[in-house]
Structures are given as C-alpha cells and as structure tokens.
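Structure assessment
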Amino acid sequence: MKGYIGKILFVNLSTGDIRSETVPDEVYEQYLAGVGLGVHTLYQHIPPGADPLGPDNMLGFVSGLLTGTPSVVTGRWMAVFKSPITGGWGDSNCGGNFSPAIKQCGYDGIFINGISEKPVYLYVDHKIAALRPADHIWGLDAVDAENLIKKECHKTKKPVVAVIGTSGEKISYISGIVNDGGRIAARSGGGAVMGSKRLKAVVLAGTKPTGCADPKSMKVISKELSAKIRKANMPVRGGIFSLMGVVMGGMKRALPMDGMLVSMLMKRWGTISNNTLGVTSGDSPIKNWAGSVVDYNWPYFRNLNPEKIMKIESSKYHCYACAIGCGGIVDIAKATNGVFIHTHKPEYETMMAFGGLVMNKDLNTILYINELLNRAGMDCISAGGTVAFAIECYENGIITKAMAEGLELNWGNSQAIVALVKMMIAREGIGDLLADGVKVASRKLGVSGKPFAVTAGGQEPGMHDSRMDPAIGIHYSVDPTPGRHTIGSGQYYDMLHLWEKVSWAPNSGVYLKADEYIPNEKTALKTVAMSCYKELTDGAGGCLFAMVLGVNHWRLFDWLNAGTGWQKTPDEYMIIGKRIQTLRQMFGIKHGIDPMSFKMSARMAGKPPLQAGPNKGKTVPIKEMMHSHWKAFGWDEKTGIPTRATLMELGMEKIALENQ
Amino acid sequence: MFVPAFINHENVDCDGFVTINDSAKMTDLYRQLKLPFPLRLSILFFVNYEQAKWNTRLKDGDTITFLFPVTGG
C-alpha cells in the first residue's frame with residue numbers, strides 16, 4: 001500500500017471496449033499520479049498530429065497520489081488531454097469530491113478515447129464499468145444534468161459526477177468539465193474535448209479504501225497543519241484590503257513571507273479577498289490590460305468589496321480532506337430577480353474577469369454571470385477575456401452594432417455584457433464567433449496579433465498582472481499550458497520557502513522589486529523551482545492554496561515519503577517535478593508546438609507601458625526571461641526544446657531517441 | 001520571524017531568525033527591530049499563528065508573523 005492504486009482504466013468510445021491495465025511501481029516513482037501519470041499515459045497514446053476533437057485524442061481523469069490518504073488539502077483531480085486551444089498539452093484541475101471517487105472505484109485514472117455515435121455517460125464503481133445512453137441528459141446544463149444522474153445512479157452510494165454543460169456539448173474551446181454542482185476544471189478546453197466525444201458525464205460510485213505505507217505519520221503532519229490553520233484568524237475586515245493594496249503596490253522591496261497568512265484569508269473570504277487589493281496594488285488587469293486603478297477607481301471597485309459578498313454567503317464548504325475551506329454558497333435570488341437561487345461564491349478570477357477587465361461595476365451581473373458560466377461549463381477567465389476583446393473590437397469598429405445584434409458593447413455596459421455571455425453560451429450570432437475564445441475570434445475577424453487580442457499562446461491569461469509580478473509573466477509564457485496563473489509567481493515563491501528543503505532553490509532574501517524585471521540566473525532558477533514544485537503538487541493532488549502555505553506547513557515531501565514509504569529527499573522529489581514538466585513540454589514538441597509561440601502578448605509585457613497606476617512605465621523583457629528560464633531548466637536556451645542531455649539525465653532515454 | 005519589508009533588517013539573519021533576551025516580550029522585540037513608533041500602532045502580529053499582545057512573552061522557537069498591509073512580495 002503506497003497511496004496509489006496501481007491500476008488505470010481505458011475506455012474506447014468508438015468500439016465500446018473497456019479494459020483495465022496495471023501500472024508498474026516505477027511509473028509512480030518517476031511521475032507520481034495526477035498530472036504526472038496523466039502526461040506519461042497520454043504521451044504514449046496520442047499520436048502526433050491527432051485532431052484534439054477527433055477520436056485519437058485521449059481524455060484522462062486522474063486522481064492525485066496523496067488523495068484518499070490521511071494527508072490534507074490533497075483532494076484535487078486532474079483532467080488531461082490534447083488542448084484544442086493550443087494544439088499542445090492540455091490539463092486542468094478541480095477540487096470537490098471527484099478525486100477520491102476515482103480511487104474508490106479501484107483506479108488512479110480513467111482514460112477515454114474514440115468518439116461515441118450517440119451521447120453516453122460512463123458509469124464506474126468498484127465492480128463494473130459501463131457506457132450508458134445519455135440522450136435524456138444531453139442538452140441539460142451541468143448542474144441539472146448532475147442532479148438527474150445522481151438520482152438515476154444512486155443505489156448504495158450517492159455517486160460523484162463530472163459532467164459537461166451545454167458549452168462542452170457545443171464544443172466551445174473555452175469550456176471545461178464540471179463537478180460538485182458548478183465547480184469547473186476550466187482551462188485548456190477540456191469540455192470541448194469531452195463534448196467532441198459525445199461523453200456527457202463520468203459517474204463514479206465505488207467504495208474501495210485507499211491504503212498507504214505509514215498512515216500514523218501522515219496523520220501527525222495533518223493534525224499539526226490543521227491546528228495551525230484552525231487558530232490562525234485575520235482580525236480585520238475586508239474593507240481594509242483596498243488600502244493594503246495601495247501600500248503593496250508602492251513597495252520598493254520584497255522578502256520571504258509566511259504563507260500561513262494565505263490560510264487566514266482563504267478560510268474567511270476565499271479568493272475574493274484579492275478583489276479590491278488586486279485593483280489598487282496593480283495585480284488586477286484593468287480594461288483588457290490597457291487600464292489601471294485610475295480608470296477602475298473607487299466608485300467602481302468599491303462594489304467588489306469582499307464583505308458585500310460575505311453578506312449574502314449562506315454557507316461555507318470544504319473540498320474533500322481540506323483543512324482550509326475557501327468555498328461558499330451565496331444567495332443570489334435577489335441579485336438575479338429569482339432566476340437563480342444560489343451560486344458558488346465567485347472566485348476572484350471571475351470577479352475581475354467580469355469586473356475590472358471589462359470595466360463593469362455591477363456586482364449583481366457578476367453573480368449572475370458566475371452561475372450562467374458554471375451551469376454552461378464555460379471558463380470564466382477565458383469568457384471574460386473574450387468579452388473584453390469584443391468590447392475593444394466594438395470600440396475600434398471591427399465588431400459593429402449590427403454584428404452584435406443591436407448590443408452596445410461599451411466598457412462597463414453590464415446588461416450588454418450579460419447578453420453577450422448568453423449568446424456565447426448558446427453560440428448564437430456574434431456569440432458563435434466568440435465562443436472559442438480570443439485566438440479563434442481574432443483570426444476570424446482578421447485581427448490576430450493586434451494589441452487587444454490578449455493571450456499567451458492563444459489562451460486567455462489569468463487575472464494577475466505580469467507587469468506587477470514579472471515571474472508570473474514567465475510562467476504565462478513558458479508553461480506548456482500557457483496563460484496559466486496557478487503555476488507560479490514571485491509572490492508565491494517568496495511564500496514557499498523551498499530553499500529550506502531543496503539544495504538548489506535560491507533563497508529570495510530581501511530584494512528590490514526592480515530586480516524582478518532584470519533577466520538573470522537567480523530569477524530563472526526561482527521560476528524553474530516553482531514549476532517543478534507545482535508539478536509535484538499536481539501529481540500529488542495538492543491544492544495551490546495549500547502549496548503556497550510553504551514547505552514547512554504543508555509538508556508535501558514528508559507526506560509523500562510517509563504515504564509511499566520511499567524515503568526520497570526533497571532534491572529527489574524535485575527531479576520528479578522536473579521530469580513531469582519536461583514531459584509536458586515534450587508532449588507539445590511531439591505535436592508541433594513552437595515554445596516561443598506561447599510568449600504572452602506585448603500588452604501583458606508592458607509594451608507599450610501603462611501611462612498611469614501602480615504599473616506605470618513598467619515593461620517586462622519577456623523574451624530574454626523565457627530564454628533564461630529555458631536555459632536554467634536544461635532546455636535549449638533559444639528554442640525551449642528539452643535538450644538530449646537533460647532527457648537522458650531525467651531517465652527519458654526512449655523519448656530522447658524518438659526525438660533525435 | 002516574518003517581518004515587513006520596510007523594517008530594519010540588521011538584527012534579523014538571512015533565514016529570518018532573531019536573537020532576543022530570555023523572557024523578552026513583544027515590546028522588547030519591537031524596540032530591537034527599531035520600528036518607528038507610529039508604525040507600531042498599525043501592525044498586527046501573531047505568535048505561533050495566534051494574535052498576540054504587546055506583553056506576550058516570547059520563548060525559544062516561537063514563530064512571529066507581522067501583518068502590515070503585506071509583508072513583502
């Protein structure tokens with residue numbers, strides 16, 4: 001018993017063939033589970049040139065290695081696939097209760113290829129795995145479909161469901177996979193892949209326990225962390241965050257921080273604690289990355305005060321085995337005139353994508369859009385980025401009022417924004433053109449490469465400004481899933497304290513913020529360490545908000561040793577992280593990706609620089625920083641392709657030979 | 001110790017450790033850090049992740065976290 005099950009399930013929707021396969025221990029020792037097992041499996045099974053929406057693409061649902069063990073905040077599952085947005089590696093993870101359910105069926109992962117003739121769902125428990133007709137739920141939104149399936153399949157155990165909404169069915173490239181009533185593995189276009197396979201849902205109802213090597217030691221670590229989180233409370237109100245942001249944006253120096261502060265924020269407010277702080281500090285991109293707090297000022301951002309949302313929070317919830325509990329359910333009956341009763345507490349990303357990014361100050365419309373997108377299964381970041389793009393197209397006469405079917409797509413026109421989102425979900429009119437995101441829409445409108453088509457490698461970026469934190473810009477540009485805000489940032493690194501465990505991870509020390517804008521070996525090593533540790537986290541099923549507590553609080557290395565019995569050093573684990581990241585990169589290379597094409601848009605790098613606000617005058621030499629990161633990773637400095645020497649060093653000889 | 005970026009770091013080593021006298025209180029630590037008086041009033045502090053008071057006594061191995069807007073980064 002090593003924390004993992006040692007088996008995966010393969011399902012071919014074209015032939016109906018279902019079979020399980022034993023995974024050798026060496027694979028887990030080299031890649032863990034989660035994203036690692038996912039990329040190891042998909043690299044072998046998806047042929048080069050495979051159409052992301054064709055039968056050769058494989059969609060995996062993979063549990064983390066530590067999920068189901070006595071560790072805490074390790075309950076995330078990973079969707080893995082070839083991305084229809086980038087044509088390269090795609091993954092996205094989500095919390096809730098789906099990750100342990102995979103293991104309770106007796107598998108670490110479920111991998112699905114082929115295309116079904118008719119809509120189906122996959123039912124799995126600890127005894128059977130079967131494809132069942134889904135005609136009666138095809139066309140339902142994700143929440144209604146989940147509720148119906150749960151009733152239909154509820155026998156001895158209430159099943160757990162991952163499902164696509166109508167956006168996935170309509171193969172919108174910016175759709176994700178939904179579980180637990182509106183939580184989404186949103187990024188990279190996994191919903192479109194699932195929709196293209198006519199697979200409405202994966203339904204899990206197993207009851208198998210997950211064993212591990214040393215549960216007693218794992219519990220000791222978990223109890224220690226849980227006690228710290230329980231007693232750490234923030235004795236301030238959310239109204240102070242905008243002032244904190246002003247000070248933060250003006251800081252000239254930075255230094256290592258205590259990640260435990262994050263748990264104080266998360267357990268009380270969740271990610272919305274960054275709403276006003278992000279605007280005033282310069283973390284939040286405003287007006288499609290062309291504005292600042294000077295434009296989206298107090299009369300606007302005051303409506304995003306987290307306390308306004310806490311007033312309508314009716315309950316809090318935790319994901320599986322989470323000691324923090326950042327989730328909440330908010331009452332939106334009044335905000336939506338009774339159209340919806342509840343929604344998940346919106347994340348900061350949604351608040352800003354439909355707040356500052358589109359200059360909207362109407363909180364009610366943000367809450368309404370949150371539930372619309374959750375039910376449709378559409379990625380809020382990409383949807384917000386695409387709406388901001390559409391508004392700027394309208395401003396420049398590229399989209400006319402007639403094309404927008406009478407909508408006046410002006411900044412902050414909240415009713416027009418809601419109407420446009422509905423059109424995107426339904427793929428009606430201009431919404432059909434926009435439903436695949438900025439990359440496809442800009443190509444169809446003939447404006448690819450224009451400053452207002454803001455993406456990294458075709459993926460709309462997260463709501464964190466790379467001009468404020470250049471390291472996040474590096475991750476936006478070098479990660480095999482570009483535009484991803486959850487890989488790393490300078491601020492995350494300062495909270496991790498990796499240098500206390502990993503011999504080669506640089507100690508941040510006290511440093512000048514200005515130094516972050518200069519490409520150098522230390523900055524590159526920090527982003528490399530961050531990438532490797534994030535892949536370890538995703539292999540273990542860990543949550544980003546636990547990861548940033550730091551290695552001395554959320555003790556990933558110790559849990560992995562106790563769970564598996566391996567007794568590896570942190571340096572040895574970081575090699576696993578490096579191997580996973582390198583294979584994610586190699587997946588893209590195998591499928592024809594040029595890593596430099598993932599470079600974030602010029603506007604995100606401050607070219608031209610902003611004329612006002614906390615990020616005034618700041619530019620990020622992103623190309624040089626990408627080269628520097630690649631070199632520090634042991635990849636080719638100019639092309640970003642992992643070198644033969646690095647592949648050999650990581651024990652990836654077969655891949656080195658294939659790509660000779 | 002996790003201190004704000006603007007504090008004088010000369011008494012804090014590169015790993016964030018500070019040496020204090022036996023039975024020192026938070027007020028003694030502030031004095032040692034040479035924190036200007038007006039700023040002391042606007043800073044929250046935690047000892048072992050619990051909000052502490054000026055007269056909280058410190059002992060070897062305590063983790064002290066200051067919260068003033070943000071502590072850096």
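Keep in mind that what you see is a predicted model, and the values were worked out from it rather than measured. (Residues numbered from 1 in each chain as written. Chains lettered and ligands numbered in written order. Predicted model: local features only at pLDDT ≥ 70, side-chain atom pairs only at ≥ 80, totals over all residues. Heavy atoms only, no water.)

Here we take up the overall build of chain B. Looking only at helices and strands, one finds two helices and three strands in chain B. For chain B, the succession of helices and strands along the chain, N to C, is α-α-β-β-β. When each of the 73 residues of chain B is scored for burial, the buried share is 45%. For chain B, the share of sequence-separated contacts (at least 6 apart) that also reach a separation of at least 24 residues comes to 53%. Summed over its atoms, the accessible surface of chain B is roughly 3,900 Å², and 51% of this surface lies on carbon and sulfur atoms. (Helix = DSSP H or I, 4+ residues; strand = E, 2+ residues; numbered from the N terminus. Buried < 20%, exposed > 50% of the residue type's maximum accessible area, 1.4 Å probe, protein only. Contact = heavy atoms within 4.5 Å. Areas by Shrake-Rupley, 256 points an atom, 1.4 Å probe, with all protein chains shown as cover.)

Turning to the sheet that holds strand β8 (residues 129-133) of chain A, a few remarks are in order. All names here are of chain A. What the six strands build is an open sheet, ordered β8-β7-β12-β9-β10-β11; its pairing is mixed. The open sheet has two free edges, formed respectively by β8 and β11 (183-185), since each of these has just one partner strand. Neighbour-to-neighbour, the strand axes of the sheet open up by a mean angle of 25 degrees, direction not taken into account. As paired strands, strand β9 (residues 160-163) and strand β12 (residues 199-204) are joined by four bridges and run antiparallel to one another. Its bridge partner being in β12, alanine 162 is matched across the sheet by valine 202. (Pairing = 2+ DSSP bridges. Axes fitted to C-alpha atoms, helices over the stretch in contact; angles between N-to-C directions.)

So, about the sheet that holds strand β2 (residues 18-22) of chain A. Residue and element names in this part refer to chain A. The strand order across the open sheet built from six strands is β2-β1-β6-β3-β4-β5, with neighbouring strands paired in mixed fashion. The two strands at the open ends of the sheet, each matched to only one other strand, are β2 and β5 (89-94). Taking the axes of each pair of neighbouring strands and ignoring which way they run, one obtains an average angle of 20 degrees across the sheet. Here strand β3 (residues 59-63) runs beside strand β4 (residues 77-82); their pairing, made up of four bridges, is antiparallel. The partner of phenylalanine 61 across the bridge, within β4, is alanine 79.

Looking now at the packing of helix α2 (residues 34-45) of chain A against helix α21 (residues 521-540) of chain A. Residues and elements named next belong to chain A. Contact geometry for α2 and α21: axes closest at 4 Å, N-to-C directions at 90 degrees. When the axes of α2 and α21 are compared, the pair comes out roughly perpendicular. Facing Gly34, Val35 and Gly36 of α2, the residues of α21 in contact are Glu535, Asp538 and Gly539. Residue classes in the contact of α2 with α21 are distributed as one nonpolar, three polar and two charged. (Parallel < 35°, antiparallel > 145°, perpendicular 65-115°, else oblique. Nonpolar A, V, L, I, M, F, W, Y, C, P; charged D, E, K, R; others polar.)

Before going further, it helps to spend a moment on the confidence of the model for chain B. Residue and element names in this part refer to chain B. Of all residues in chain B, 73% have pLDDT values of 70 or greater, and the mean over the chain is 75. Per-residue pLDDT, averaged within each element of chain B, yields its smallest value for helix α2 (residues 37-41) (63) and its largest for helix α1 (residues 26-33) (83). Confidence drops under pLDDT 50 across residues 69-73; counting only partners more than four residues distant or on other chains, this segment forms 24 contacts. Here the prediction assigns the complex a pTM of 0.95, and the interface score ipTM is 0.70. (pLDDT = per-residue confidence, 0-100.)

All names here are of chain B. In terms of strand pairing, strand β1 (residues 44-47) meets strand β2 (residues 50-51) through two bridges, oriented antiparallel. The residue of β2 that forms the bridge with valine 47 is glutamate 50. Linking β1 back to β2 in an antiparallel pair, the connection comprises two residues, with asparagine 48 at a positive phi of about 50 degrees.

Residue and element names in this part refer to chain A. The terminal C-alpha atoms of helix α14 (residues 363-376) lie 20 Å apart, and with 14 residues this matches the ideal 20 Å at 1.5 Å per residue to within 8%. With respect to burial, α14 is a largely interior element, 13 of its 14 residues being buried. A side-chain oxygen of the first residue of α14 lies 3.2 Å from the backbone nitrogen of asparagine 364; this N-cap is aspartate 362. Trailing α14 by a residue or two, glycine 377 shows a phi angle of about 75 degrees, which is positive. (Expected span 1.5 Å × (residues − 1). Polar contact = N/O pair within 3.5 Å; in protein donor to acceptor, adjacent residues only side chain to side chain.)

This part is about the packing of helix α15 (residues 380-395) of chain A against helix α16 (residues 414-426) of chain A. All names here are of chain A. Orientation of α15 relative to α16, taken along the N-to-C sense of each, is 115 degrees, at an axis distance of 11 Å. Crossing of α15 against α16: the hand is right-handed. Between α15, through Ala383, Thr386, Val387, Ala390 and Ile391, and α16, the contact on the second element is made entirely by Ile417, Leu420, Val421 and Met424. Considering only residue class, the contact of α15 with α16 consists of eight nonpolar, one polar and no charged. (Left-handed = near helix turned anticlockwise from the far one by under 90°.)

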